[in-house]
Amino acid sequence: MVRPAVGIVDYGAGNLFSAARALEEVGANVTVTTRPDSLVDGVLIPGVGAFASAMEGLKKISAQRMVEERLAGGRPVMGICLGLQVMFDKGVENGVTTAGLGQWPGVVESLGVTPLPHMGWNTVAHPNKSRMFDGISSEARFYFVHSYGVLKDRFERTPPLTPPLIGWTEHSGRRFISAVEDGPLWATQFHPEKSGRAGLALLRNWVASL
């Protein structure tokens, strides 16, 4: 059986090798690179840290063009944590607004609750028809570590995604987007590579879709 080829984008935001190990465990051949080969089956954009510095790193390697070209051809891209956040229109941190990759409407901002960061295990309320969560219990818990996200009450005032395959999670009474499945573009706010069996099952679903 041929193992799908996955390119993990190294743009200086870290969290590369735990993702690589997890993807290899679920059946992918993985390369960590600043410029994924156009022939790879899937591209993963991981990341931890600040929105503005992430976008600076992504711009240096022309990631926006790479993502747009892949998605225009229906070729899979996945984002994890900061890799989800940069897919939205913009991020606001410490009063500074930074343009994102603009694949989805929405603003990444502070969760605005106590305690922060939101760190530890939590559930995801996801659509039943989601391929991302196929075979994964609604009670499954995933590992989060973040202080920013796209808030539900703010997102509902923006144009909806088509199709609206969105997962939601709640922390200290505030609901935020924790997963999006939009055709060939998937992303999670949590870290599937650090989420045990449930996280590996989700990554296996992605690798199987490549």
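Our structure is the block above this text.
Fair warning: this is a prediction, and the values are worked out from it, not measured in the lab.

This brings us to the packing of aromatic side chains. Under the counting rule described, the total for this entry stands at eight aromatic pairs. Following the ring pairs from residue to residue traces out a cluster consisting of Phe133, Phe142, Phe144, Phe176 and Phe190.

Counting through the fold element by element, Ser172 comes out in the loop between strand 11 (165-171) and strand 12 (174-182). Ser172 sits 31 residues away from Leu203 along the chain, and the two C-alpha atoms are 28 Å apart. Excluding residues within four positions of it along the chain, Ser172 makes contact with Val113, Thr114 and Pro115. For Ser172, the side chain forms a polar contact with the main-chain oxygen of Thr114, separated by 3.0 Å.

Before going further, it helps to examine the sheet that holds strand 5 (residues 88-93). What the four strands build is an open sheet, ordered 6-5-7-10; its pairing is mixed. Lying at the two open borders of the sheet, with one neighbouring strand each, are strand 6 (96-99) and strand 10 (148-149). Both strand 7 (residues 104-110) and strand 10 contribute to a ladder of two bridges, which runs antiparallel. Residue pairing across strands places Glu109 opposite Gly149, the latter belonging to strand 10. Sheet strands touched by helix 2 (residues 51-60): strand 5, strand 6 and strand 7. Its angle to strand 6, the strand with the most contacts, is close to 30 degrees.

The next thing to look at is the nonpolar core. By size, the foremost hydrophobic cluster in this structure holds 34 residues, and its most contacted members are Ile8, Leu23, Leu44, Phe133 and Phe142. Put simply, the parts of the chain that give this core at least two residues each are strand 1 (5-9), helix 1 (17-25), strand 4 (77-80), strand 9 (141-146), strand 12 and helix 6 (196-209). It is helix 6 that contributes the most residues to this core, six residues altogether. By size, the runner-up hydrophobic cluster in this structure holds 33 residues, among which are Ala13, Met66, Tyr148 and Leu185.

To continue, consider helix 3 (residues 63-72). Those residues of helix 3 lying buried are Ala63, Met66, Val67, Arg70 and Leu71. All buried residues of helix 3 fall inside an arc of 120 degrees around its axis, so they share one side. In helix 3, those exposed residues whose orientation departs by more than 90 degrees from the buried face are Arg65 and Ala72. Residues of helix 3 that are buried in the fold lie against strand 1, strand 3 (42-45), helix 2, strand 4 and strand 13 (185-188). Once helix 3 ends, the next one or two residues include Gly74, with phi positive near 70 degrees.

Criteria and thresholds
- Residues numbered from 1 in each chain as written.
- Predicted model: local features only at pLDDT ≥ 70, side-chain atom pairs only at ≥ 80, totals over all residues.
- Heavy atoms only, no water.
- Phe/Tyr/Trp six-rings, centres within 6.5 Å; stacked < 30°, edge-to-face > 60°.
- Helix = DSSP H or I, 4+ residues; strand = E, 2+ residues; numbered from the N terminus.
- Contact = heavy atoms within 4.5 Å.
- Polar contact = N/O pair within 3.5 Å; in protein donor to acceptor, adjacent residues only side chain to side chain.
- Pairing = 2+ DSSP bridges.
- Axes fitted to C-alpha atoms, helices over the stretch in contact; angles between N-to-C directions.
- Core = buried A, V, L, I, M, F, W, Y, C linked by side-chain atoms within 4.5 Å.
- Buried < 20%, exposed > 50% of the residue type's maximum accessible area, 1.4 Å probe, protein only.
- Arc of directions from axis to C-beta.

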